[in-house]
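Spelled out, the chains give:
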Amino acid sequence: MTAMTTTAAPAVAAPAGHVGPLATLRQTMTLAWRSLVQVKHNPWELLDLSIQPIMFLLLFTYVFGGAISGSTGDYLQFALPGLLVQNALFYTLSTAIGLNTDITKGVFDRLRSLPIARTAPLSGRIIADTAKQVWAFALLVGFGMILGFRVETSVIGLLGALALLVVVALAMSWMSVLIGLKASSPEKVQMIAFSTMMPLTFTSSALVPSKTFPEWLRVWSDINPVTHLADAIRGLLIGGEVAHASMISLLWAAGFAVVFAPLAIRAFRVRV
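It should be emphasised that the depicted structure is a prediction, and the values quoted were computed from it without experimental measurement.

## As for the overall build of the protein
At step 1: Helices and strands together make up the secondary structure of the protein, namely ten helices and zero strands.
At step 2: Traced from its N-terminal end to its C-terminal end, the protein shows the element sequence α-α-α-α-α-α-α-α-α-α.
At step 3: Here the protein holds 272 residues, and the buried ones make up 46% of them.
At step 4: At a minimum sequence separation of 6, the contacts of the protein that also span at least 24 residues come to 79%.

Below is the structure:
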């Protein structure tokens, strides 16, 4: 009889049970880069990010500007900071839609089988979308300056406006993340998120002075977080009161993060 020798197949390494902070950071940045380079294969995403804010800027300035301020130039100075806020908050919806799409298409199932930190896919998408926020801010300010908008403070004021906008948008994105994790499809994400963001932005002083509102609506506008953020960005770009509006905006941002970040992380762990 001939003895048969069997060789055991090498075992497949199981995903690591614990990933250190440096490895988590590296994996997060890798997945953030993955989200960014998708623009190369899907240029419509960049066009959407670029065309929509310019379209809103042209529409509000040249259709409503004369009626609201009597001059398109005066309205441009007033409205562009508000449009920066509106665009930043509306773009947090793309985080929710992209996250929901990755989950429903099984991308997160494939990532979960890898030896990476479980939070890396979520953190990577948020960081990538924050980078896109910076692009949208620069594009809108640059195009606004072509139309006649002028920063009346300083470069420090401009950079401060960008920093404040990114911080608040990042905090409020946790609400969008929660919606993206709870909704069953990208279409429902869009419906729920727009129903939430639309009233917030259009009942604020972002696009029109709140003093023109009925008294009952003015009461809400005065506590609306979008009003405080728009006033702070406006002050940083064209002058005016900054400290109080910025402080209130940061307090609102902290509140959104404290409430929605734990809920979003818990929903993420349950779903993926």
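Next comes the rest of the write-up.
## A closer look at the environment of Ala267
At step 1: In this fold, Ala267 is placed in helix H10 (residues 243-271).
At step 2: Residue classification places Ala267 among the buried residues on the basis of a relative accessible area of 8%.
At step 3: Counting along the chain gives 90 residues from Ala267 to Val177, while the straight-line C-alpha distance between them is 9.3 Å.
At step 4: Not counting the four nearest positions on each side in its chain, Ala267 is found in contact with Leu178, Leu181 and Lys182.

## Thoughts on a nonpolar patch on the surface
At step 1: A contiguous nonpolar patch, built from Leu59, Val63, Phe64 and Ile68 and spanning about 320 Å² of accessible area, is present on the exposed surface.
At step 2: Mapped onto the fold, Ile68 is located in helix H2 (residues 43-69).
At step 3: Under the relative-accessibility criterion, Ile68 is labelled partly exposed at 35%.

## What about the nonpolar core?
At step 1: Leu84, Val85, Leu165, Trp174, Val177 and Ile233 are the most contacted members of the largest nonpolar core, which has 61 residues in total.
At step 2: Listed by contribution, the elements that provide at least two residues to this core are H2, helix H3 (72-104), helix H5 (120-147), helix H6 (155-182), helix H7 (186-202), helix H9 (225-238) and H10.
At step 3: Among the nonpolar cores identified, the runner-up in size contains six residues, and Leu111, Ile116, Ala117 and Ala120 belong to it.

## Quick word on the pattern of salt bridges
Close approach of charged atoms allows side chains of opposite charge to pair.
At step 1: Inspection of every chain in the model, using the stated rule, returns two salt bridges.
At step 2: With a shortest N-O distance of 3.8 Å, Lys132 and Asp129 are connected by a salt bridge. Here Lys132 and its partner Asp129 are both found in helix H5, three residues apart, which amounts to about one turn of the helix. Per residue, the accessibility class of Lys132 equals that of Asp129, and both read buried.
At step 3: Arg234 is the salt-bridge partner of Asp231, the closest N and O atoms lying 3.3 Å from each other. One end of the pair, Asp231, and the other, Arg234, are both in helix H9, three residues apart, so they sit about a helical turn from each other.
At step 4: The class for Arg234 is buried, based on a relative accessible area of 8%.

## Here's the deal with the packing of H6 against H9
At step 1: One can describe the packing of H6 onto H9 by two numbers: an axis separation of 8 Å at closest approach and a directional angle of 160°. Classified by the interaxial angle, the pair formed by H6 and H9 is roughly antiparallel. In this structure, H6 meets H9 at a crossing whose hand is left-handed. Within the contact between the two elements, H6 uses Gly157, Leu158, Gly160, Ala161, Leu164, Leu165 and Val168 and H9 uses Leu229, Ala232, Ile233, Leu236 and Leu237.
At step 2: Looking at the contact of H6 with H9, its residues break down into ten nonpolar, two polar and no charged.

## Looking at H7
At step 1: Its 17 residues place the ends of H7 24 Å apart at the C-alpha level, agreeing with the 24 Å of an ideal helix rising 1.5 Å per residue.
At step 2: Where H7 is concerned, the buried positions are Val189, Ala193, Met197, Leu200 and Thr201.
At step 3: Residues of H7 that are buried make contact with H3, H6, helix H8 (215-223) and H9.

## Observations concerning the UniProt feature "transmembrane region" (unreviewed entry) in the protein
At step 1: As recorded in UniProt, the sites labelled "transmembrane region" (unreviewed entry) are residues 50-68, 134-151, 157-179, 191-208 and 242-265.
At step 2: A helix fraction of 78% and a strand fraction of 0% characterise residues 134-151, whose end C-alpha atoms lie 17 Å from each other.
At step 3: Helix and strand shares over residues 242-265 are 96% and 0% respectively, and the end C-alpha atoms of the span are 33 Å apart.

## Examining empty space enclosed by the protein
At step 1: Enumeration over the complete set of coordinates arrives at four cavities of 30 Å³ or more.
At step 2: Within this model, the largest cavity holds a volume of roughly 80 Å³.
At step 3: Lining the largest cavity we find Tyr91, Thr92, Thr95, Ile126, Asp129, Thr130, Gln133, Val166, Ala169, Leu170 and Ser173.
At step 4: Where the lining of the largest cavity is concerned, the elements lending two or more residues are H3, H5 and H6.
At step 5: A breakdown of the residues in the lining of the largest cavity according to their chemical character gives five nonpolar, five polar and one charged.
At step 6: What the second largest cavity holds in volume is close to 50 Å³.
At step 7: At the level of elements, H3, H5 and H6 are the ones that each hand at least two residues to the lining of the second largest cavity.
At step 8: Classifying every residue of the lining of the second largest cavity gives seven nonpolar, two polar and no charged.

Reading guide: rules and limits
Residues numbered from 1 in each chain as written. Predicted model: local features only at pLDDT ≥ 70, side-chain atom pairs only at ≥ 80, totals over all residues. Heavy atoms only, no water. Helix = DSSP H or I, 4+ residues; strand = E, 2+ residues; numbered from the N terminus. Buried < 20%, exposed > 50% of the residue type's maximum accessible area, 1.4 Å probe, protein only. Contact = heavy atoms within 4.5 Å. Patch = residues over 30% accessible without salt bridge, like charges linked within 9 Å, V, L, I, M, F, W, Y side chains within 5 Å. Areas by Shrake-Rupley, 256 points an atom, 1.4 Å probe, with all protein chains shown as cover. Salt bridge = Lys/Arg side-chain N within 4 Å of Asp/Glu carboxyl O. Core = buried A, V, L, I, M, F, W, Y, C linked by side-chain atoms within 4.5 Å. Axes fitted to C-alpha atoms, helices over the stretch in contact; angles between N-to-C directions. Parallel < 35°, antiparallel > 145°, perpendicular 65-115°, else oblique. Left-handed = near helix turned anticlockwise from the far one by under 90°. Nonpolar A, V, L, I, M, F, W, Y, C, P; charged D, E, K, R; others polar. Expected span 1.5 Å × (residues − 1). UniProt positions renumbered as here; feature names shortened; annotations may be inferred. 1 Å grid on protein atoms, 1.4 Å probe; cavity = no way out; pocket = protein on both sides within 12 Å on 5 of 7 lines; lining within 4 Å. Points joined across faces, edges and corners; volume = space filled by probe spheres on them.

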